[in-house]
Amino acid sequence: MGLLQELNKFAEGLEQLRDEVKIQLHLASLESKQEWERAEKQRDHFLAELNKISKETSGSKEGLVEKAEVIGEELKSTYQRIKDRLSE
């Protein structure tokens, strides 16, 4: 599987986790809602990086991929933390 395909698959998993959290958010505390807002900004940044990678044709793609991976992992952790908090 190519690097871009792996990132796209990762992004699909993030979207699924995001959707699960979003459903639970309507009952959430203010703190969870504020964390959600920060995560949404982070998600926008992640998606923008994926878009850059898909359009990039030069050798600098590797640096963009690494950056997207870091952002994606942070975003995944944030969504999981919110989900765990909402499940308590």
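Here the structure is shown first, and the text comes after it.
Below: a short report on this structure. (Residues numbered from 1 in each chain as written. Predicted model: local features only at pLDDT ≥ 70, side-chain atom pairs only at ≥ 80, totals over all residues. Heavy atoms only, no water.)

So, the pattern of salt bridges
- Enumeration according to the criterion identifies 11 salt bridges in this entry.
- Between Glu20 and Lys83 there is a salt bridge, with its nearest N and O atoms 2.5 Å apart. In this pair, Glu20 is assigned in helix H1 (residues 3–25) and Lys83 in helix H3 (residues 61–87), connecting sequence segments 63 residues apart.
- The class for Glu20 is partly exposed, based on a relative accessible area of 29%.
- With a closest N to O distance of 3.6 Å, Glu49 and Lys67 form a salt bridge. Linking Glu49 in helix H2 (residues 30–55) with Lys67 in helix H3, this pair joins segments that are 18 residues apart in sequence.
- For Glu49, a relative accessible area of 1% corresponds to the buried category.
- Taken together, the shared-partner salt bridges in this structure form one network comprising Glu15, Arg18, Asp19, Glu40, Arg43 and Asp44. (Salt bridge = Lys/Arg side-chain N within 4 Å of Asp/Glu carboxyl O. Helix = DSSP H or I, 4+ residues; strand = E, 2+ residues; numbered from the N terminus. Buried < 20%, exposed > 50% of the residue type's maximum accessible area, 1.4 Å probe, protein only.)

Details of the nonpolar core
- Of all hydrophobic cores here, the largest spans 20 residues; its most connected members are Val21, Trp36, Phe46, Ile53, Leu75, Tyr79 and Ile82.
- Per-element accounting of this core gives the leading share, eight residues, to H3.
- Ignoring sequence-local partners within four residues, the contact set of Val21 consists of Trp36, Tyr79, Ile82, Lys83 and Leu86. (Core = buried A, V, L, I, M, F, W, Y, C linked by side-chain atoms within 4.5 Å. Contact = heavy atoms within 4.5 Å.)

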